[in-house]
Amino acid sequence: MPASLADVARLAGVSIATASRALNGSSHPVSPTARGRIMRAADEIGYSPSRLAQALVTGRSPVIGVIVGDVVDPFFAEVTRGVEDVAREGRYMTIICDSDRRTGAEIDYLNLLRDYHAAGIVFAGGGFGEDPRAADLQHALDEVVEAGARVVSVAQRPFGGALVAVDNEHAARDMTDHLIELGHRRIGYVRGIPGLTTSEARQRGFLAAMATAGLQADLQYEGNFRYESGQSAGLQFLAKGLPDAILAANDESGIGVLMALRQAGVGVPEQVSVAGIGGTRVSQLVDLTTVSVALYETGAEAARRIIDRTVWDPDRRTILPHRILVRGTTARRPA
């Protein structure tokens with residue numbers, strides 16, 4: 001039978017309440033002598049304190065909530081894996097909350113995680129710059145922080161705070177520059193979700209690179225970060241004339257473009273180069289040239305910030321490096 005708190009108290013010669021305070025991190029004072037006896041007794045009989053009991057005493061449960069925009073998107077899967085691996089090592093439980101990129105759902109999840117006394121919350125996706133519920137979201141965030149939770153974003157959000165992310169604008173600009181260096185001049189672009197901070201940053205990077213090179217950026221089609229939107233854009237490129245290269249705002253839509261072109265018999269990269277942004281595992285399966293934006297690392301670092309309370313800084317903002325992954329869907333433009 002597992003050792004109980006009563007066993008520890010009996011062996012240490014203290015009350016159960018005193019043993020509980022010492023073992024569960026209560027702020028109630030316990031003398032150093034008594035604390036020492038309690039710790040030795042717990043070690044001697046192999047007692048492990050209840051995580052639920054600790055939560056009741058400290059007002060904080062070993063839970064990290066991860067609010068994602070789309071649970072089936074490989075982008076969020078990579079970020080969440082990073083959070084979960086670090087959380088598991090620290091004996092924290094991860095709860096995945098799929099908001100479907102709706103601010104109302106994010107607010108509901110924040111309130112729920114606050115009620116569960118979650119230790120921390122990771123916002124795994126961007127937000128909308130023009131958000132009619134921005135004030136409501138900020139209010140819910142303030143209440144969560146006031147309750148003791150630590151909030152970290154892994155994408156730029158209007159509400160600021162702790163951040164572990166990549167520079168999406170710089171990443172898109174670097175990939176566009178790479179395509180230009182390959183000799184491509186007519187470069188098409190498949191946009192992300194309209195108004196989303198991540199989409200807007202990547203589009204700015206594309207436009208900046210094209211403007212610096214003195215190239216027209218008129219070949220753009222709407223997207224929504226999903227495979228189907230890339231496929232639709234690919235069909236539009238086919239109907240209106242193929243460019244030298246196509247950059248998609250993320251890997252999923254880039255793969256949609258790639259499949260549409262290949263199904264139409266277009267040689268990739270012989271006729272058209274195709275690239276994405278994200279560095280997801282699925283991009284490797286189809287040999288897509290992409291920008292690796294350290295998805296796993298952002299999630300892992302966000303979890304470390306929440307768990308390691310000695311290094312917590314609510315205003316600390318870290319930008320992680322990205323790199324171009326050149327694969328088989330891009331090549332130098334034929335002379």
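Whatever comes next refers back to the structure up there.
Treat the numbers as computed from the prediction; the structure is a model and nothing was measured.

Caption draft 1: Up close: the sheet that holds strand S9 (residues 273-275). Spatial strand order, S7-S6-S8-S9: four strands in an open sheet with parallel pairing. At either end of the open sheet lies a strand with only one pairing partner, and these are strand S7 (220-221) and S9. Running over the sheet, helix H8 (residues 168-181) touches strand S6 (187-190), strand S8 (245-248) and S9 and is turned about 170 degrees from S8.

Caption draft 2: How the structure looks around the sheet that holds strand S1 (residues 61-68). The six strands are arranged S2-S1-S3-S4-S5-S11 in an open sheet whose pairing can be described as parallel. At either end of the open sheet lies a strand with only one pairing partner, and these are strand S2 (93-98) and strand S11 (317-320). With direction set aside, neighbouring strand axes in the sheet form an average angle of 20 degrees. Here S1 runs beside S2; their pairing, made up of six bridges, is parallel. Residue pairing in the sheet places Ile64 in a bridge with Thr94 of S2. Across the sheet, helix H6 (residues 103-115) lies against S1, S2 and strand S3 (118-123), angled at about 160 degrees from S3, the strand it touches most. Seen against the sheet, helix H13 (residues 295-307) touches S1, S3, strand S4 (150-153), strand S5 (162-166) and S11 and runs at an angle of roughly 165 degrees to S5.

Caption draft 3: Local environment of the nonpolar core. Membership of the largest hydrophobic core comes to 45 residues, with the highest contact counts inside it found for Ile64, Val122, Ala124, Ile187, Leu247 and Val293. For this core, the leading source of residues is helix H5 (residues 74-89), giving six residues. With sequence-adjacent residues up to four places away left out, Leu247 is seen in contact with Ala172, Met175, Thr176, Leu179, Gly188, Tyr189, Val190, Phe206, Ala275, Gly276 and Ile277.

Caption draft 4: Focus on the layout of surface pockets. Within this model, the largest pocket holds a volume of roughly 220 Å³. Lining the largest pocket are 14 residues, with Val145, Val151, Gly161, Ala162 and Pro314 sitting closest to its centre. Every element with two or more residues in the lining of the largest pocket is listed here: helix H7 (134-146) and S4. Of the residues forming the lining of the largest pocket, the biggest block, four residues, is contributed by H7.

Caption draft 5: Layout of helix H11 (residues 251-263). Taking 1.5 Å of rise per residue, 13 residues should cover 18 Å, and H11 covers 18 Å from first to last C-alpha, within 8% of that figure. Judged by how many residues are buried, H11 sits mostly within the fold: 10 of 13 residues are covered. Of the positions making up H11, those classed as buried are Asp251, Glu252, Ser253, Gly254, Ile255, Gly256, Val257, Leu258, Ala260 and Leu261. Gly265 lies just past H11 and shows a positive phi near 85 degrees.

Caption draft 6: Spotlight on unusual backbone geometry. Residues Val268 and Pro269 are joined by a peptide bond in cis, for which omega reads 15 degrees. Here Pro269 lies in the loop between H11 and S9. Its identity as a non-glycine residue notwithstanding, Asp100 has a phi of 55 degrees, on the positive side. Positionally, Asp100 belongs in the loop between S2 and H6. Note on Asp100: relative accessible area 43%, which makes it partly exposed. Even without being glycine, Arg101 reaches a positive phi, approximately 55 degrees. With respect to the secondary-structure elements, Arg101 resides in the loop between S2 and H6.

So, how was this worked out
Residues numbered from 1 in each chain as written. Predicted model: local features only at pLDDT ≥ 70, side-chain atom pairs only at ≥ 80, totals over all residues. Heavy atoms only, no water. Pairing = 2+ DSSP bridges. Helix = DSSP H or I, 4+ residues; strand = E, 2+ residues; numbered from the N terminus. Contact = heavy atoms within 4.5 Å. Axes fitted to C-alpha atoms, helices over the stretch in contact; angles between N-to-C directions. Core = buried A, V, L, I, M, F, W, Y, C linked by side-chain atoms within 4.5 Å. Buried < 20%, exposed > 50% of the residue type's maximum accessible area, 1.4 Å probe, protein only. 1 Å grid on protein atoms, 1.4 Å probe; cavity = no way out; pocket = protein on both sides within 12 Å on 5 of 7 lines; lining within 4 Å. Points joined across faces, edges and corners; volume = space filled by probe spheres on them. Expected span 1.5 Å × (residues − 1).

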